[in-house]
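What follows is each chain in one-letter form.
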Amino acid sequence: MSSLRPDLTGRIWLEQDREPATMDSELNTEIDHFDRLPDSLLLIVFNKIGDVKALGRCCVVSRRFHGLVPQVDNVVVRVDCVISDDDGGSTAASADKNRGVFSNFCRFVFGGIVKPLQAIGHFLGPKKILSTSTSSSSSTPFGGGGGGAGGTEEDDMEAGGVTHHSPTQVLKNFNEIRRLRIELPSGELGIDSGVLLKWRADFGSTLDNCVILGASSVLSPDTAKLETIAGFGGGDGSCVVGSVDDNGNIPESFYTNGGLKLRVVWTISSLIAASARHYLLQPIIAEHQTLDGLILTDADGQGVLCMNKEQLEELRVKPLSASTASRRTLVPALNMRLWYAPHLELPNGVVLKGATLVAIRPTEQSATTKKETSDCSWVSGAFEEPYGTAAKLLVKRRTYCLEMNSF
């Protein structure tokens, strides 16, 4: 028995020594080491995320995230669909769809948000239901009830509706936005299949400049080779066999077969689309004084509206002039320069048939910026590749000048 006592004593003392260590390890497992990360590092991560829906999900993770997300300075808003400001039934809806944003104020509909995300209503502002749907979709609004006059969260879900939010509502509680990108689901201009039409416009309180690139058709390298061998005609009735005349002159057929008329339609349509987008942005710009840059584009890559810090300040100081005919900014009198190539082959082998480039500036501005516009750098740099190369090639050709009155 005596031989067992030392062992028993040793075991007792070991157990006493071990108990505090066990308690310390349990305390260590309860520590969230993520909390040790500084707020500045988390904001860098949130700014890399950018997407407003993803930030909304981050917002419900913790109180700390809820307090940090409104400080994000880089925000991307991807719009699921655009609806009319008026809910006039299926017939009116069909007409609104045809008119696009030219005569309708856009509302953003954020779908695909799961039910738990209704809790972020306090973050994204009060709920506003503009229309309802009997769709079987279980998507919930980006925003939620807060016991306000608009009804409870349960009431909204029982209506089986989809909640719609204007861009101002969606961005309401972001306090430090410096860079904002809004992406529409598609371009406004309905163009035929195979036709290329792209535009970029810079605005202050009115149009600063606009560049439009179009082509009657775009041929892949293989198709272009076949058509060259076969000696098919150009996009606007000009014969294209092998090498094309590079003197830059527009062929006579361009005027007689409707080629020039089509380019005028492209130009006016692009300017209307750009001015409608600009009009849409004014409440956002007024509310977010910290903005340094704003881009409004579309998923199709058809049009891009850009505003830098100086242009944003100009709009705040000098209100825009609205068109009396529709909800868009008035387009001033314009000076335009046009370049045309019946057949333009790009370095990657793609061929643009009936390629047209139009550079536009207001008449008043053109008189004071002749030296700046002579190098055409703002024109050739307006588009991403391969269309940037197309613009650089076109500006080397003969220039045609046109004028357009305010509309």
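One can find the structure itself at the top, above this paragraph.
Undergrad: For this particular structure, what's the right way to read the overall build of the protein?
TA: Along its length, the protein carries 16 helices and 13 strands. Expressed as a percentage of its 407 residues, the buried residues of the protein come to 45%. Long-range contacts, defined here as pairs at least 24 residues apart, represent 74% of the contacts in the protein between residues at least 6 apart. Summed over all atoms, the accessible surface of the protein reaches about 21000 Å², with 54% contributed by carbon and sulfur.

Undergrad: Could you clarify how one ought to interpret the environment of Asp292 in this entry?
TA: Counting through the fold element by element, Asp292 comes out in the loop between helix H11 (259-287) and strand S9 (293-298). You can call Asp292 partly exposed: its relative accessible area is 22%. C-alpha separation for the pair Asp292 and Leu180, spaced 112 residues apart in sequence, amounts to 8.5 Å. Contact partners of Asp292, with chain neighbours within four places excluded, come to Arg178, Met307, Asn308, Lys309 and Leu312. Among the polar contacts listed, one links the side chain of Asp292 to the side chain of Arg178, at a separation of 2.5 Å.

Undergrad: Help me understand the side chain of Asp298 in this model?
TA: Along the chain, Asp298 falls in strand S9. Within the local environment of Asp298, its side chain forms a polar contact with the backbone nitrogen of Asp300, the two atoms lying 3.1 Å apart. Sequence-distant contacts of Asp298, that is, excluding residues within four places in its chain, are made with Glu183, Leu184, Ser186, Gly187, Arg277 and Gly303.

Undergrad: Hey, could you run me through unusual backbone geometry in this one?
TA: A negative phi holds for most residues other than glycine; trans holds for most peptide bonds. With an omega of 10°, the peptide bond running from Glu385 to Pro386 counts as cis. Here Pro386 is to be found in the loop between helix H15 (377-380) and helix H16 (387-394).

Undergrad: Would you mind going over the pattern of salt bridges with me for this structure?
TA: Two side chains carrying opposite charge are able to pair once their charged atoms lie near each other. This model, assessed by the stated rule, comprises eight salt bridges. Note that Asp73 and Arg179 form a salt bridge whose closest N and O atoms lie 3.0 Å from each other. Note that Asp73 is positioned in the loop between helix H4 (63-68) and strand S1 (74-78) and Arg179 in strand S5 (residues 179-184), a separation of 106 residues in sequence. According to the relative accessible area criterion, Arg179 is partly exposed, its value standing at 41%. It is possible to trace a salt-bridge network through shared partners that takes in Glu188, Arg277 and Asp298.

Undergrad: Can you walk me through H11 in this structure?
TA: Along its 29 residues, H11 runs 44 Å from first to last C-alpha, staying within 8% of the 42 Å computed at 1.5 Å per residue. At Leu281, H11 shows its maximal bend, which comes to roughly 35°, and the proline Pro283 appears one to four places after that position.

Undergrad: I'm lost on the pairing of S5 in this one. Help?
TA: Across a regular strand the side chains alternate sides, sitting on one face of the sheet and then on the other. Bridge analysis of S1 against S5 gives five bridges, and the strand direction is parallel. Bridged to Arg78 within S5 is Glu183. Inspection of the sheet shows S5 paired to S9 by six bridges, in the parallel sense. The partner of Arg181 across the bridge, within S9, is Ile295.

Undergrad: What's the story with the pairing of strand S10 (residues 303-307) in this structure? I'm lost.
TA: Where burial is concerned, most of S10 is hidden: four out of the five residues are buried. Inspection of the sheet shows strand S6 (residues 196-203) paired to S10 by four bridges, in the parallel sense. Note that in S10 the partner of Ala201 across the bridge is Leu305. Bridge analysis of S9 against S10 gives three bridges, and the strand direction is antiparallel. Bridging from a neighbouring strand, Leu294 pairs with Met307 of S10. In this antiparallel pair of consecutive strands, S9 and S10, the connection spans four residues, and Gly301 shows a positive phi of 70°.

Undergrad: Would you explain the packing of aromatic side chains in this entry?
TA: To describe a pair of aromatic rings, one takes the distance between the centres and the angle between the planes. In the structure shown here, the tally under the stated rule is three aromatic pairs. Considering the side-chain rings of Phe254 and Tyr255, the 5.7 Å spacing of their centres and the 85° angle between planes classify their relative orientation as edge-to-face. Take Tyr255: its relative accessible area is 41%, and that puts it in the partly exposed class. With a centroid separation of 4.5 Å and 50° between ring planes, the pair formed by Phe254 and Tyr340 is classed as tilted. Of this pair, Phe254 sits in helix H10 (residues 253-256) while Tyr340 sits in strand S11 (residues 334-345), and the two are 86 residues apart along the sequence. Chaining the aromatic ring pairs together yields one cluster made of Phe254, Tyr255 and Tyr340. Looking at Arg361, its charged tip hangs above the ring of Trp378, at a distance of 4.2 Å from the centre.

Undergrad: Even after reading the chapter, I still don't get the nonpolar core, so can you show me in this structure?
TA: Considering soluble globular proteins, one finds that nonpolar side chains tend to be buried as a cluster. With 57 residues, the main nonpolar core has Phe46, Val75, Leu180 and Ile360 as its most contacted residues. In terms of residue count, H11 provides more of this core than any other element does, nine residues in total. In this structure, Leu357, Trp378, Ala390 and Ala391 belong to the second largest nonpolar core, which totals 22 residues.

Undergrad: Help me understand H16 in this model?
TA: Think of an α-helix as 3.6 residues a turn; residues three or four steps apart then line up on the same face. Taken as a whole, H16 has its buried residues at Gly388, Thr389, Ala390, Ala391 and Leu394. Buried positions along H16 lie against strand S7 (207-215), S11, strand S12 (351-362) and H15.

Conventions we followed
- Residues numbered from 1 in each chain as written.
- Predicted model: local features only at pLDDT ≥ 70, side-chain atom pairs only at ≥ 80, totals over all residues.
- Heavy atoms only, no water.
- Helix = DSSP H or I, 4+ residues; strand = E, 2+ residues; numbered from the N terminus.
- Buried < 20%, exposed > 50% of the residue type's maximum accessible area, 1.4 Å probe, protein only.
- Contact = heavy atoms within 4.5 Å.
- Areas by Shrake-Rupley, 256 points an atom, 1.4 Å probe, with all protein chains shown as cover.
- Polar contact = N/O pair within 3.5 Å; in protein donor to acceptor, adjacent residues only side chain to side chain.
- Salt bridge = Lys/Arg side-chain N within 4 Å of Asp/Glu carboxyl O.
- Expected span 1.5 Å × (residues − 1).
- Bend = angle between axes of the 7 residues up to and from the residue.
- Pairing = 2+ DSSP bridges.
- Phe/Tyr/Trp six-rings, centres within 6.5 Å; stacked < 30°, edge-to-face > 60°.
- Lys NZ or Arg CZ within 6 Å of the ring centre and 35° of its normal.
- Core = buried A, V, L, I, M, F, W, Y, C linked by side-chain atoms within 4.5 Å.

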